[in-house]
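Coordinate analysis (summary)
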Amino acid sequence: MSATTLSPPRPLAWIGAQPLAVLLAFAVLALVVSWSAAPSLFSSHDPFLGLTAQKLLPPSATNWFGTDHLGRDLYARVVQGTWSSVTSALIATLIGLAIGGLLGLASGFLGGWVDTVIGRLIDMLLAIPNFLLAVVIVSAFGFQTINVAVATGVASVAVFARLMRSEVMKTSTAVFVEASVLVGGRAAHVLLRHVLPNAYRSVVALAVLQFGTSILTIAGLAFLGYGDPPPAADWGLLVANGKDYPSSPWLVFAPATVIVVTVLAINRISRWIRHAA
Amino acid sequence: MNAVSPPADLLAIRGLSIAYGNKPAVHDVDLTLHAGRSLALIGESGSGKSTIARALCGLLPASGTARGRILFQGQDLLALPEARLRALRGRAIGFVPQDPQNALNPVRSIGAQAQEAARLLDLPDVAARRARILQTFARIGLADPARLYDAYPHQLSGGMLQRVLIGLAILPGPALIVADEPTSALDVTIQKRILDLLGALQAELGISLLLITHDLAIAAERAHDVVVLKDGQVQERGTADQVFRQPRSAYARRLQADVPALNPERFRAATARQPGAGEAIHVDGVSKTFQAEGRSVRAVQDVSFGVPAGTTHALVGESGSGKTTLVRLLLGLERPDRGHIAVAGTPVATDAPDRLRGLRRELQLVYQNPFTSLDPTWSVGGIIAEPLQRYDVGHRGDRQAQVIEALRAVDLPEQVLRRRPGALSGGQRQRVAIARALILRPKVLVLDEPTSALDVTVQAGIVEVLFRLQAQLGLTYLFVSHDLALIRQLADSVTVLRHGQVVEQGPVAQIFSRPREAYTRLLLDSIPRPAAASRESFLVDQETEN
Amino acid sequence: MTRNTSLSQAARRIGQALVVILLAYSFTFLIISVLPGDPISNMLLDPENGFTEEEIAPIIAHYGLDRPVLEQWWMAISRFALGDLGISLRSNRPVSSMLLEALPSTLLLAGSAMLVALLLALLIAYASQNLPRRWGQGVARVLPALSLSVPSFVIGLVLIQVFAFQLGLFRITQPNSLAATFFAALALGIPVSAQIAEVLIANLDHEAGQEYFAVAQARGLRRSQLFLRHQLRPSALPVVTMIALSIGELLGGSLITETIFGRKGVGSLVQSAVVTQDFPVLQSVVSLAAVVFVLVNLLADLLYPLLDPRLRRRDTAARDDTAERLA
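Owing to the predicted nature of the structure, the values given are computational and were not obtained by experimental measurement. (Residues numbered from 1 in each chain as written. Chains lettered and ligands numbered in written order. Predicted model: local features only at pLDDT ≥ 70, side-chain atom pairs only at ≥ 80, totals over all residues. Heavy atoms only, no water.)

**Here we look at the interface of chain B and chain C**
In this complex, chain B contributes 44 residues to the contact, which on the side of chain C involves 35 residues. Where chain B abuts chain C, roughly 3,600 Å² becomes buried across the two surfaces, and 50% of that area is made up of carbon and sulfur atoms. The interface formed by chain B and chain C holds three salt bridges in total. Put simply, Arg-229 of chain C and Glu-116 of chain B hold a salt bridge, and the shortest N to O gap is 3.2 Å. Put simply, chain B and chain C have ten residue pairs in polar contact (both at pLDDT 80 or more) between them. For the side of chain B that touches chain C, the secondary structure elements donating two or more residues are β6 (93-96), α3 (110-118), α6 (158-170) and α7 (188-205) of chain B. Element by element, the count of residues in the side of chain B that touches chain C is highest for α6 of chain B, at five residues. (Contact = heavy atoms within 4.5 Å. Buried area = accessible area lost by both parts, 1.4 Å probe. Salt bridge = Lys/Arg side-chain N within 4 Å of Asp/Glu carboxyl O. Polar contact = N/O pair within 3.5 Å; in protein donor to acceptor, adjacent residues only side chain to side chain. Helix = DSSP H or I, 4+ residues; strand = E, 2+ residues; numbered from the N terminus.)

**Some remarks on the environment of Glu-405 of chain B**
Residue and element names in this part refer to chain B. Summarising the element assignment, Glu-405 is placed in helix α14 (residues 396-409). Overall, Glu-405 belongs to the partly exposed group, its relative accessible area being 44%. Spatially, the C-alpha atom of Glu-405 lies 8.9 Å from that of Ile-439, the residues being 34 residues apart in sequence. Within the structure, the side chain of Glu-405 is placed 3.0 Å from the side chain of Arg-441, a separation counted as a polar contact. (Buried < 20%, exposed > 50% of the residue type's maximum accessible area, 1.4 Å probe, protein only.)

**A look at α6 of chain B**
Here α6 of chain B is 13 residues long and its end C-alpha atoms lie 18 Å apart, about the 18 Å a rise of 1.5 Å per residue gives. Of all 13 residues that make up α6 of chain B, 13 are buried, and the element is covered over most of its length. (Expected span 1.5 Å × (residues − 1).)

**A short note on the environment of Ser-493 of chain B**
Residue and element names in this part refer to chain B. In this structure, Ser-493 sits in strand β19 (residues 493-498). Judged by its relative accessible area of 16%, Ser-493 is buried. Other than its neighbours up to four places away in sequence, Ser-493 contacts Thr-312, His-313, Ala-314, Gly-506, Pro-507 and Val-508. Here His-313 takes part through its side chain, which lies 2.7 Å from a polar atom of the side chain of Ser-493.

**A short note on the sheet that holds strand β17 (residues 444-448) of chain B**
All names here are of chain B. Here we have six strands laid out as an open sheet, ordered β16-β17-β18-β13-β19-β20, and mixed in their pairing. In this open sheet, the two strands that pair with only one neighbour each are β16 (363-366) and β20 (501-507). When the angles between neighbouring strand axes are averaged without regard to direction, this sheet yields 15 degrees. Inspection of the sheet shows β19 paired to β20 by six bridges, in the antiparallel sense. Its bridge partner lying in β20, Leu-497 is registered against Val-502. (Pairing = 2+ DSSP bridges. Axes fitted to C-alpha atoms, helices over the stretch in contact; angles between N-to-C directions.)

**Quick look at the interface of chain A and chain C**
Across the contact, 39 residues belong to chain A and 43 residues belong to chain C. Carbon and sulfur atoms supply 83% of the area buried between chain A and chain C, which totals about 3,400 Å² over both sides. Our count for the chain A to chain C interface comes out at zero salt bridges. The set of elements that each furnish at least two residues to the side of chain A that touches chain C consists of α6 (112-127), α7 (130-141), α11 (187-223), α12 (235-242) and α13 (250-274) of chain A. Here the side of chain A that touches chain C gets nine residues from one element, more than from any other, and that element is α7 of chain A. Residues that form the side of chain A that touches chain C fall into these classes: 31 nonpolar, four polar and four charged. (Nonpolar A, V, L, I, M, F, W, Y, C, P; charged D, E, K, R; others polar.)

**Brief notes about the nonpolar core**
Counting residues in each nonpolar core, the largest one holds 148 residues, and the members touching the most others are Trp-235 of chain A together with Phe-153 of chain C. Setting aside chain neighbours within four positions, we find Phe-153 of chain C in contact with Ala-219, Gly-220, Phe-223, Gly-236, Val-239 and Ile-259 of chain A together with Ile-256 and Ile-260 of chain C. In this structure, Ala-220, Tyr-251, Val-366 and Val-410 of chain B belong to the second largest nonpolar core, which totals 77 residues. (Core = buried A, V, L, I, M, F, W, Y, C linked by side-chain atoms within 4.5 Å.)

**Regarding the pairing of β19 of chain B**
All names here are of chain B. Taking burial as the measure, the six residues of β19 include five buried ones, the bulk of the element. Bridge count between strand β13 (residues 312-316) and β19: four bridges; the pairing is parallel. Note that in β19 the partner of Leu-315 across the bridge is Thr-495. Hairpin connection of β19 to β20: two residues between the antiparallel strands, including His-499 at a positive phi of 50 degrees.

**Describing unusual backbone geometry**
Look at the link from Pro-230 of chain A to Pro-231 of chain A: it is a cis peptide, with omega at 10 degrees. The residue Pro-231 of chain A is located in the loop between α11 and α12 in this model. With a phi close to 50 degrees, Gln-73 of chain B is a non-glycine residue in the positive phi region. Mapped onto the elements, Gln-73 of chain B comes out in the loop between β4 (64-72) and β5 (75-76).

**Some thoughts on the pattern of salt bridges**
All names here are of chain B. A complete count under the given rule lists 36 salt bridges over all chains for this structure. Taking the shortest distance from any N to any O, the salt bridge between Arg-37 and Asp-225 comes out at 3.4 Å. Pair noted here: Arg-37 is in the loop between β2 (23-34) and β3 (38-42) and Asp-225 is in strand β9 (residues 225-230), with a separation of 188 residues, a long-range link. Arg-37 gets classed as partly exposed once you look at its relative accessible area, which sits at 23%.

**Regarding the sheet that holds strand β11 (residues 279-292) of chain B**
Residues and elements named next belong to chain B. Strands sit in the order β12-β11-β14-β15 across an open sheet of four strands; the sheet is antiparallel. Two strands close off the open sheet at either side, each with one partner strand: β12 (295-308) and β15 (346-347). Taken together, the five bridges between β11 and strand β14 (residues 338-343) define a ladder with antiparallel strand orientation. Note on β14: the bridge partner recorded for His-282 is Ala-342.

**Concerning the packing of helix α12 (residues 247-261) of chain C against helix α13 (residues 266-275) of chain C**
All names here are of chain C. Interhelical geometry of α12 versus α13 gives an angle of 90 degrees and a closest axis separation of 7 Å. Between α12 and α13, the angle falls in the class roughly perpendicular. Taken together, the residues of α13 that come into contact with α12 (itself represented by Ser-254, Leu-255, Glu-258 and Thr-259) are Val-266, Gly-267, Ser-268, Val-270 and Gln-271. In terms of residue class, the contact of α12 with α13 is made up of three nonpolar, five polar and one charged. (Parallel < 35°, antiparallel > 145°, perpendicular 65-115°, else oblique.)

**Focus: the packing of aromatic side chains**
Both the distance between ring centres and the angle between the ring planes are used here to describe each pair of aromatic rings. Residues and elements named next belong to chain A. Under the definition given, this model contains twelve aromatic pairs over all chains. Look at Trp-35 and Tyr-75: their rings are 5.9 Å apart centre to centre, the planes differ by 80 degrees, and that puts the pair in the edge-to-face class. Of the two residues, Trp-35 is situated in helix α3 (residues 20-37) and Tyr-75 in helix α5 (residues 74-110); the sequence distance between them amounts to 40 residues. Each member of the pair, Trp-35 together with Tyr-75, is buried. (Phe/Tyr/Trp six-rings, centres within 6.5 Å; stacked < 30°, edge-to-face > 60°.)

**Describing a nonpolar patch on the surface**
On the surface, Leu-264 of chain A together with Trp-135, Val-139, Val-142, Leu-143 and Leu-146 of chain C cluster together into a nonpolar patch covering about 560 Å² of accessible area. Looking at which element gives the most residues to the nonpolar patch, the answer is helix α6 (residues 133-147) of chain C, with five residues. Mapping Leu-264 of chain A onto the fold places it in helix α13. Residue classification places Leu-264 of chain A among the partly exposed positions, given a relative accessible area of 30%. (Patch = residues over 30% accessible without salt bridge, like charges linked within 9 Å, V, L, I, M, F, W, Y side chains within 5 Å. Areas by Shrake-Rupley, 256 points an atom, 1.4 Å probe, with all protein chains shown as cover.)

**A look at the confidence of the model for chain C**
Scored by pLDDT, chain C has a mean of 85; 93% of the residues are at 70 or more. Predicted confidence is poor over residues 314-327 of chain C, with pLDDT under 50, and the contacts of this stretch with residues over four places away or in other chains come to 30 contacts. (pLDDT = per-residue confidence, 0-100.)

**Here we look at the pairing of β17 of chain B**
Every regular strand shows the same layout, with side chains that alternate between the two sheet faces. Residues and elements named next belong to chain B. Across the five residues of β17, five count as buried, placing the element largely inside the fold. Relative to β17, β16 runs parallel, the two being bridged by four bridges. In the strand pairing of β17, Val-366 is matched with Leu-447. As judged from the five bridges shared by β17 and strand β18 (residues 476-481), these two strands associate in the parallel manner. Each bridged residue has a counterpart across the sheet, and for Asp-448 the counterpart in β18 is Val-480. In this fold, β17 hands off to helix α16 (residues 456-473), which returns the chain to β18; that crossover is right-handed. (Right-handed = clockwise from strand over helix to strand, strands pointing away.)

**So, the side chain of Thr-312 of chain B**
Along the chain, Thr-312 of chain B falls in strand β13. Here Thr-312 of chain B falls in the buried class, since its relative accessible area comes to 1%.

**Quick notes on the side chain of Gln-161 of chain C**
The topology assignment puts Gln-161 of chain C in helix α7 (residues 152-166). For Gln-161 of chain C, a relative accessible area of 11% translates into the label buried. Apart from residues lying up to four places away in sequence, Gln-161 of chain C is in contact with Pro-246, Pro-249 and Phe-253 of chain A together with Gln-166 of chain C.

Here it is in structure tokens:
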């Protein structure tokens, strides 16, 4: 952040100075966001229309990712599934960030018995394997993509809380924080103007990273069939449907590649936030 | 390898240039070290002195590239293949690092790491090597070597670790020891012992010593020859006596003028301070005990002193003397178990946060390390204005003018206002910290080792600013330091602390000229005295030649 | 004195571990039995599931479903503490015996996966330090980040596609064969190995920048000795921490791996329990997973003093310091 504020006058030059991989990652992310915002702009095929005569066609100029067992265009299906895959990951991340961030902030800044209680809660959430916890929540509340998103979010609370706690504790004991107290800073001022601005960058980096991880977890849950049923087109569900046709491997690899490239791009951006920027 | 009689020039560096990536660090350096002599490489941070030491030991990081020649016993180290160089390292060149606390692997025992050095000797087995290790430890004055052998690094003090490291360096019987600021992380009294030990080994075993240091006084006291470096280039070279008595280059002259040990009277003549009315600081019978891991540590015991307004009082002590605790008690950051503290007539009331907050308008602190005391996310202007905003002094336009005035007072240009601390040098940061501390116009300023993280020339600049501000504003300073030479330059009175207790206190002139306590004398003895030393090194020369 | 403090410290850690297990059980109970509003009764009473009155009554009595929530919780947790995991709603068998049947296969899978993960992580970490800088190290450093971007089910499907369908090295119709088990372990182990490798590489880099590494190098040590003694050995503690943390990953991941490779085990037991809404099974598996996680991490904690002498509580520094000054 300091580098951006140091050289604000020439944004174009600043963009040009970033590594190529980071620019590429942002381009991928922009494409994925556009897919989910306006799927019809990116594919002329109807994702729900199956032409049985054209089933299981390999990738070609007309069907970029080939067609599925009902003859639907797979690329159109992937684009159509982007919205729910990406939004549910976003919801999951926001839940984890909000609950975990607040817990970690309270724990790290207040200390004492608050820290002890929240510390045990975090330990408890860490002790239940994330994926298993998400599975249990979904099975108790029903097989829907929105429940999958909430479950993934709850399962990620511990990670956020732990990082926020350690960052807040680290900056609370920083010398410049004590210096602010000595020049008359009261608790709220110190927290809002010194502790949070110094803690937030690594938390934002984690949130971006967790966004990628949530896409993976949600794809996993959709793959097991815990999300909305077909004809929904969540990326994980597309892979699950495709695996029953081993002689048409593109049914697995096309949506899988989209997941991998998206998550790679998100991880690269997270690393960029943490180190450079 | 040593069958041929060693050439007189043990080490000859010719046209050495080193760059990290495309940033040059060392430029076209020549230096020569004769067998059995000592050479000091002097420079401040960024001068390239440590880079040269590392290149010599083959320790440059992968990004570093060296050109030129480093001739050691006639072989060019830069041209040797890695395998041959490795054989030379350790066996013929011993390395003594800067920070002993970090120079031994914390998860392996001293003995295990000593065995690594001892395997270079042609000894039959582990037991024989162990015997030789214990013998060496005893030789360098380590008591109970067998217990040390089984100990882990964290169980030893810094001084002992440095002795162990020196022991490991001389164990294989090297021809050259490269010591990279071997004492800068140690307490002053231990510094002296370590330098004495290196000098003795050099004289008795005929090992050559390359001493890397930032301290001109130490170099002049301890080395035969001196090379002065700045920004990777040689400024001056000659015998220690020459460079010290008649520095020819501008930089060496400035270094000489800025080293406190060499200029005890530098600031005394320039300032005529009139003590104001009354006591600015009053400390009476203060004690503080900490509980740590089930043990109680008596950090401060029954300390009393008073500071007249408008003067400078110094707290001196080595690590563990309680000086930092005393500062925290004074600022109300800790609560004393017993005793009473008052600043400008007001008691430091740790149980009344609002009164304490009010008091701090009169009482400010400058921290030791300017790299941690400024919030990296704030601009310099924001940092200096923060006290004004917190205490709601003046209105917006007013504050801006006050901030600029404060900047001028510490000799910083207005352009730094919008910069962040990360873009400033250490000296500039400390000036920002002083500006922040003074903007509320406090009566008392506590300075906790404010220059110990800085180079001497930068330190001199900061001390000048402090003196000028004191004269202008009638400030009272409480100056905490481990550096007696610096205190002799700037303080009016001094309290010598040890293990949390007052050893003795009084006017600086009296304590420095007629110390009553043995510990004070010990501290005073550790101030380097090059004039006396040059005679001693002359004697050593004669000894080695005879 | 030191013995006493380290004993009381161990006792405190064990106490904390028990609290965490208790909390984990209660949290799962809250999710399964309280928040959705008595899903067990709903499931039993759903006519589609075809339970008769005679079948339902004993189950309701067993779990105390007609009593207040707190009382249900107390009954459940007392039974759990005594090792009684309840009765499956579907098979009418004790959950403990179902788990015992499923456990060996999953332990074999998870154990081999951990072994594979460790070997891969060590290999990658070694390459990241010792291969030629640009290509060797570069590739080794990208690999963990890359494999952490691939969903675990895709890794499994790719392995099956390549090694079963293309190369014919194993058949998915024989999921318990040696080759099939190996590839299942590989699928489960790769994400874990990536996590361990990332931690390991970061620590090896950190050690290589330490002063004691340079000093040891100046002692003329060989590259391999430097790597083992002054890079790998000091990195042991964070790696053990990471291994202990990734136990959860292995337990959760076995759900997907067992489904893909068609293995019978705890993972597939969970999968069928989810589909059939067999809540006692879910409650037991999740609680036991938490117990395993807590125990493994407790073990790691107790192991730390062996790995780092600074954690063995013997403080002689202060005394030696004084001795040095008086000498």
